[in-house]
Amino acid sequence: MKTVLLLSVLLSSLVLGQNQPVPKLLRLIPLGQNPVWKEKLKDNVRVGDAPPAGSLPPTEVTLPSGKKDGVQTAPLQLGVMSKTLRLDARIPSLQFHEGKLAAGEPWLKAPVHKSTRSLGVLFRDPTEMTWEKPRILLLDDSEEAFPPGNIRFVNTAGHTALVQIGKTANAVKPGESKMLPLKVGDNVIMVGYQERGTGKQVVINKALTVRIMANQRVQAFFYQNQNKAADKQLLFQSLPEPPPAL
């Protein structure tokens, strides 16, 4: 009798587990530059000025997880991939709040990506160039959509990006992404962009070497230069990594 009862409980648990929706997994990466360092002399000691408002993203963000009274918090650092946030599969939207509390008006709102695993690329509006007006580009980050052996170029800037691997050139429009295959080992890539209005091609790096190992893929990002007078208005960052584990 006890054996039958235990078996019934075990089967019920398995059925309940199978009926549980798969959680949404989200990582974040903020793109951009640190503010220009400024300092002054105070009591014969050099003291750095506080960064201007909007020149940096929050040091951490918190969002409701979709579960009752549940929240998820992630530290943010420019150019660094955040930890994975686990959200309820039925969460209606993403609402990011500055700091550790999910209270008050959100710093940023976004829809939920349809994929179980997604990447939120955070950046300043290319025109406003302030973190007080953040933007996010949500991408499918699953291994099925972005498998090892590929590089994915993501353009968050206001110019059309240009990439060339071997003899094949590709354009990546603002707000879009493009995935291209790589060989294991060193890959020489040219990256650049087209100036708005003139269509002039500007080279960022004509001989960039990207190394990829077996079971790795490369996240690659274009983002706007905060210095509007700089020779190169687009900046580039690449990040080799294995597909993230659960």
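Residues numbered from 1 in each chain as written. Predicted model: local features only at pLDDT ≥ 70, side-chain atom pairs only at ≥ 80, totals over all residues. Heavy atoms only, no water.

1. A few points about the overall build of the protein chain
Formally: Secondary structure is summarised from DSSP: a helix means a run of H or I of at least four residues, a strand means a run of E of at least two, and numbering begins at the N terminus for each. Summary of the burial criterion: residues with accessible area below 20% of their type's maximum are buried, those above 50% are exposed, and those between are partly exposed, where the area comes from a 1.4 Å probe applied to protein chains only. Here a residue-residue contact requires only that any non-hydrogen atoms of the pair lie within 4.5 Å.
Of the regular secondary structure elements, the protein chain holds one helix and 18 strands. Per-residue burial for the protein chain yields a buried fraction of 43% across its 246 residues. Sequence separation of 24 or more characterises 59% of the internal contacts of the protein chain that already satisfy a separation of 6 or more.

2. Some points on the confidence of the model for the protein chain
Our working definition: On a scale of 0 to 100, pLDDT captures the predictor's confidence in every residue.
Summary statistics for the protein chain give a mean pLDDT of 90 and a share of 86% for residues scoring 70 or more. A low-confidence stretch, residues 9–17 (pLDDT under 50), is modelled with zero contacts involving residues beyond four sequence positions or located in other chains.

3. Quick look at the nonpolar core
Across soluble globular proteins, you tend to see nonpolar side chains buried next to one another. Definition in use: Here, nonpolar core means buried Ala, Val, Leu, Ile, Met, Phe, Trp, Tyr and Cys residues that are tied together by side-chain atoms lying within 4.5 Å of each other.
Counting residues in each nonpolar core, the largest one holds 20 residues, and the members touching the most others are I151, F153 and F222. Those elements that provide at least two residues to this core are β11 (150–155), β12 (160–165), β15 (185–194), β16 (201–212), β17 (217–224) and β18 (234–241). When residues of this core are assigned to their parent elements, the largest contribution, four residues, is made by β16. Membership of the second largest hydrophobic core comes to 19 residues, among which are L28, I91, W131 and I136.

4. What about the sheet that holds strand β9 (residues 117–124)?
Worth spelling out the cut-off: Only when DSSP finds a minimum of two bridges between them are two strands counted as paired. Inter-axis angles, ranging from 0 to 180 degrees, are taken between N-to-C directions of lines fitted to C-alpha atoms, where helices are fitted over the stretch in contact.
The strand order across the open sheet built from four strands is β6-β1-β9-β10, with neighbouring strands paired in mixed fashion. Two strands bound the open sheet, and with one partner strand each, they are β6 (85–87) and β10 (134–140). Averaged over all neighbouring strand pairs, the angle between strand axes comes to 30°, with direction disregarded. As paired elements, strand β1 (residues 24–30) and β9 share six bridges and run parallel to each other. Considered in β9, the bridge of L28 is made with G120.

5. Describing the pattern of salt bridges
Under the convention used in this document: Put simply, a salt bridge is a Lys or Arg side-chain nitrogen that is within 4 Å of an Asp or Glu carboxyl oxygen.
Following the criterion strictly, the structure yields eleven salt bridges and no others. In this structure, E241 engages R27 in a salt bridge whose closest nitrogen and oxygen atoms are separated by 3.0 Å. Note that E241 is positioned in strand β18 and R27 in strand β1, a separation of 214 residues in sequence. Residue class for E241 comes out buried when judged on its relative accessible area of 9%. Residue classification places R27 among the buried positions, given a relative accessible area of 8%. Salt-bridge contacts for R135 lead to D125; the nearest nitrogen and oxygen are separated by 3.5 Å. A residue pair is termed long-range when its members are at least 10 positions apart, and R135 in strand β10 and D125 in the loop between β9 and β10 qualify at ten residues. Residue R135 is classed as partly exposed on the basis of its relative accessible area of 39%. Several salt bridges share partner residues, and in doing so they unite R27, D141, R152, R217 and E241 into one network.

6. Remarks on unusual backbone geometry
With phi around 55°, M129 is a residue other than glycine that occupies positive phi space. The residue M129 is located in the loop between β9 and β10 in this model. Judged by relative accessible area, which is 13%, M129 ranks as buried. For N215, which is not glycine, the phi dihedral falls at a positive 65°. Among the secondary structure elements, N215 is positioned in the loop between β16 and β17.

7. Observations concerning the pairing of β11
Counting buried positions over the six residues of β11 gives six, a clear majority of the element. By the alternation rule, side chains of β11 split into N150, R152 and V154 and I151, F153 and N155, which are all buried. With five bridges joining them, β11 and strand β14 (residues 177–181) adopt antiparallel strand pairing. Its bridge partner lying in β14, I151 is registered against L180.

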